[in-house]
Amino acid sequence: MANPDIEQRLAALESRVTQLEDQLAIHKLINSWGPAVDGDNPAAAASIWADDGVLLSELEDTRLEGPAAVAEMVRYEGHQQLIRAGSAHIQSFPVIELNGDTAKAVGFSRVYLHTADGGHEVWRVSANRWDFRRTPEGWRVTRRKNHRIDGGPEARAILNQAFEN
Amino acid sequence: MANPDIEQRLAALESRVTQLEDQLAIHKLINSWGPAVDGDNPAAAASIWADDGVLLSELEDTRLEGPAAVAEMVRYEGHQQLIRAGSAHIQSFPVIELNGDTAKAVGFSRVYLHTADGGHEVWRVSANRWDFRRTPEGWRVTRRKNHRIDGGPEARAILNQAFEN
Amino acid sequence: MANPDIEQRLAALESRVTQLEDQLAIHKLINSWGPAVDGDNPAAAASIWADDGVLLSELEDTRLEGPAAVAEMVRYEGHQQLIRAGSAHIQSFPVIELNGDTAKAVGFSRVYLHTADGGHEVWRVSANRWDFRRTPEGWRVTRRKNHRIDGGPEARAILNQAFEN
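Residues numbered from 1 in each chain as written. Chains lettered and ligands numbered in written order. Predicted model: local features only at pLDDT ≥ 70, side-chain atom pairs only at ≥ 80, totals over all residues. Heavy atoms only, no water.

K.L.:
Run through the interface of chain B and chain C, naming residues and quoting values.
P.N.:
The interface of chain B with chain C comprises 31 residues on the first partner and 40 residues on the second. At the junction of chain B and chain C, the tally comes to 4 salt bridges. Here Glu21 of chain C makes a salt bridge to Arg16 of chain B, at a shortest N to O gap of 2.8 Å. On the surface where chain B and chain C come into contact, there are 14 residue pairs in polar contact (both at pLDDT 80 or more). Listing elements by their share of the side of chain B that touches chain C, those giving two or more residues are α1 (4–38), β4 (95–99), β5 (102–114), β6 (120–135) and α5 (153–160) of chain B. Of the residues forming the side of chain B that touches chain C, the biggest block, 8 residues, is contributed by α1 of chain B. Looking at side-chain class alone, the side of chain B that touches chain C contains 18 nonpolar, 5 polar and 8 charged residues. (Contact = heavy atoms within 4.5 Å. Salt bridge = Lys/Arg side-chain N within 4 Å of Asp/Glu carboxyl O. Polar contact = N/O pair within 3.5 Å; in protein donor to acceptor, adjacent residues only side chain to side chain. Helix = DSSP H or I, 4+ residues; strand = E, 2+ residues; numbered from the N terminus. Nonpolar A, V, L, I, M, F, W, Y, C, P; charged D, E, K, R; others polar.)

What follows is the structure, given as structure tokens:
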């Protein structure tokens, strides 16, 4: 029979380590998005989403439901034009909040495009709210909502979700 | 009575896990700054600072002392103009060094602004040195110094603080 | 004699904590690169590389072998011009994969330059593949390959390495 004090300390450590692992697993999902969509990899882009995951983007008034719709978005001609120009979808290091088997992240994203003169432009800067769920296969995205940072209240509302429960 | 070897391994693990948690807690402070100041949230911007925290910025020759002064900076008309244009204050993933109950971080920051033609410009790129202290309420910022990367020696001096003790 | 269940749980925790530490150590190497090369610090830039580390960059058709060659690159007149203009080499938060005593990371990098009119331009955006090895002195870079994101297949091939074993 184990020492109850040892047992308690082990259980506390196991819980703390799981929470650290959860955070790094969630960062990995978020940081996989850019390489997937800029790498023209529909399967990789789809793989980070839960079966009921939803991608909401105000810019094209988009609502994508489920991994197959995300994969289709990568194949869509509008996105293929970005890839052929040379696109880089880069996420900032976001604020993550774990809540057991769900989590949220709030941060920024930027899309850089290669330009005809050989340089690069900042094509889009957005505020992002991501939601996640722990599934039997690991953490997956259940929802992402983003809005261009254009001076309007919508992007500010998303950013302030970093400070709300 | 616990096995002394077990006790030693548990204590070592507890210390290592605390250091990992400290690093992620410090990242969270740094990554909260942008959403707070771009979200027009003076209370959130103030909340990451220690009572004696100091914000030093060469650009406007600014020296802000304490959370109330930081909150005031968010409400200041110059900052409100950035918010109305559409601003994104984004930190890089910095180099962190823990030293018990204090810590430092050295990295880059960028401010992107939405432009009249619907695009975005890189308005400012700076070198940053952050200092932190563990308080009863958690880690807080005790000092942030930044300088625009303009080719002069000041920004380089800040960047080199990543490699000094 | 320790309880075998306790022993097993301790060993599992030690392994998990080491993997978390490894990931943060690798991020620290990557995030040291910008401050080193923009801070005009050849020794710091060299220090993150293994003795047999290789830096491959398509842009100047560069192949640097070993820390001394990396230090020389920082002193090179072409790089010194970037520093005098005001350069910021900023890495994204990459996707890391550990494999025991080796690791890889895939992500983006950007070089921002201060411009004559007092602003900043996005001078280069690249796809990056980093490789690492655990050495007696800690993790070191064994290889970095990058390619400008210019719409061609080379950068996409690098990004897709995030999803390959």
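K.L.:
Outline the environment of Glu21 of chain C, listing residues and values.
P.N.:
Within the secondary structure, Glu21 of chain C is located in helix α1 (residues 4–38). Taking the C-alpha atoms as reference, Glu21 of chain C lies 31 Å from Arg148 of chain C; in sequence the two are 127 residues apart.

K.L.:
Tell me about helix α1 (residues 4–38) of chain A, and name the residues and values.
P.N.:
Residue and element names in this part refer to chain A. The end-to-end C-alpha distance of α1 is 52 Å, a good match for the 51 Å that 35 residues give at a rise of 1.5 Å each. Its side-chain oxygen placed 2.8 Å from the backbone nitrogen of Asp5, Asn3 serves as the N-cap of α1. Directly after α1, the chain includes Asp40, whose backbone phi takes a positive value near 60°. (Expected span 1.5 Å × (residues − 1).)

K.L.:
So what's going on with the pairing of strand β1 (residues 49–57) of chain A? Which residues, and what values?
P.N.:
All names here are of chain A. Of all 9 residues in β1, 7 are buried, a share of seventy percent or more. Two elements, β1 and strand β7 (residues 138–148), share 5 bridges in a ladder whose sense is parallel. The residue of β7 that forms the bridge with Leu55 is Arg144. (Buried < 20%, exposed > 50% of the residue type's maximum accessible area, 1.4 Å probe, protein only. Pairing = 2+ DSSP bridges.)

K.L.:
Hey, could you go over the interface of chain A and chain C for me, with residue numbers and the actual values?
P.N.:
With 40 residues of chain A at the interface, the matching set in chain C holds 31 residues. Summing both partners gives a buried area of about 3000 Å² for chain A against chain C, and 65% of it is carried by carbon and sulfur. Taken together, the links from chain A to chain C amount to 4 salt bridges. Arg9 of chain C is the salt-bridge partner of Glu7 of chain A, the closest N and O atoms lying 2.8 Å from each other. In this assembly, chain A and chain C are joined by 14 residue pairs in polar contact (both at pLDDT 80 or more). Those elements that provide at least two residues to the side of chain A that touches chain C are α1, α4 (77–85), β3 (87–91), β5 (102–114) and β6 (120–135) of chain A. (Buried area = accessible area lost by both parts, 1.4 Å probe.)

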